[in-house]
Amino acid sequence: MHVRLARPADLERLGEITVAAYADFTHGPDDTYVARLRDTAARADQAELWVAVHDDGRLLGSVTNCPPGSPWREIARDDEGEFRMLAVDPSVRRTGAGRALVEHVEERWRAAGATGIALSSLADMTAAHALYARLGFTRDPTRDWSPHDGVDLLAFTKALR
């Protein structure tokens, strides 16, 4: 497996993977957030869309890395990195793709001199929380927030220095 930037030919499939990965956390196909999850072209254009690729070429998942100035950035401080929408194809979960994507983003931020990384997650995303804990992220309740009524997001952070 390797991690690389998404290519235009990847975008449709990555949108499908992201929607499938988040299916248990949306209100069905009419949920307005589904369109945002599917919009990989916007994430690739306005942030960095990284993809985990199997040795046989299959796309396994993706993550949106949010540099300063990106409209996808939500809770990171100026000296921190942030990522969003970590998504692994449900058929290949627990194969290391999610870990590889998070570690890749972490290394990018470390190389850029960031002091830490921040991210937000729904309370129900316990499998993701377990991954973040294994990778050294901790809960930061002081940054919990709600983008709109009925959606409460938990913050996680990790120091890089």
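The structure this text deals with has already been given above.
Residues numbered from 1 in each chain as written. Predicted model: local features only at pLDDT ≥ 70, side-chain atom pairs only at ≥ 80, totals over all residues. Heavy atoms only, no water.

J.: Please give an account of the packing of aromatic side chains that cites residues and values.
T.: Scanning all chains against the criterion turns up four aromatic pairs. A centroid spacing of 6.1 Å and a plane angle of 85 degrees characterise the contact between Phe83 and Phe137, whose relative ring orientation is edge-to-face. With Phe83 in strand S4 (residues 80–88) and Phe137 in the loop between helix H5 (126–134) and strand S6 (138–139), this pair connects stretches of sequence that are 54 residues apart. Exposure class is identical for Phe83 and Phe137. Each is buried. An aromatic cluster of at least three residues, connected via ring pairs, comprises Phe83, Tyr132, Phe137 and Phe156. Residue placement shows Arg36 over the ring face of Trp72; its charged tip is 4.1 Å from the ring centre. One Lys or Arg, Arg139, reaches over the ring of Phe156 and ends 5.6 Å from the middle of that ring. (Phe/Tyr/Trp six-rings, centres within 6.5 Å; stacked < 30°, edge-to-face > 60°. Helix = DSSP H or I, 4+ residues; strand = E, 2+ residues; numbered from the N terminus. Buried < 20%, exposed > 50% of the residue type's maximum accessible area, 1.4 Å probe, protein only. Lys NZ or Arg CZ within 6 Å of the ring centre and 35° of its normal.)

J.: Tell me about the nonpolar core, and please be specific about residues and values.
T.: Core analysis: the largest hydrophobic core is formed by 24 residues, its most contacted members being Val63, Phe83, Leu86, Leu101, Val102, Tyr132 and Phe137. For this core, the element with the most residues is helix H4 (residues 97–111), which contributes five residues. Beyond its immediate sequence surroundings of up to four residues, Leu101 is in contact with Val3, Trp50, Val51, Ala52, Gly61, Ser62, Val63, Leu86 and Ala87. Judged by nonpolar contacts, the second largest core, of twelve residues, contains Val34, Leu37, Ala47 and Trp72. (Core = buried A, V, L, I, M, F, W, Y, C linked by side-chain atoms within 4.5 Å. Contact = heavy atoms within 4.5 Å.)

J.: Break down the environment of Thr142 for me, with residues and values.
T.: Within the secondary structure layout, Thr142 lies in the loop between S6 and strand S7 (145–148). By relative accessible area, Thr142 is classed as exposed at 69%. On a C-alpha basis, the gap between Thr142 and Ala155 in space is 7.9 Å, while along the polypeptide they are 13 residues apart.

J.: Describe H5, with residues and values.
T.: Buried residues of H5: His129, Leu131 and Tyr132, and no others. Take H5 and look down its axis: the buried residues cluster within an arc of 160 degrees, on one side only. Seen from the open side of H5, the exposed residues pointing more than 90 degrees away from its buried face are Thr126, Ala127, Ala133 and Arg134. Those residues of H5 that are buried are in contact with S4, H4, strand S5 (116–122) and strand S8 (151–159). Gly136 occupies a position one or two residues after H5 and carries a positive phi of about 95 degrees. (Arc of directions from axis to C-beta.)

Purely geometric stuff here, so don't read any function into it on its own.
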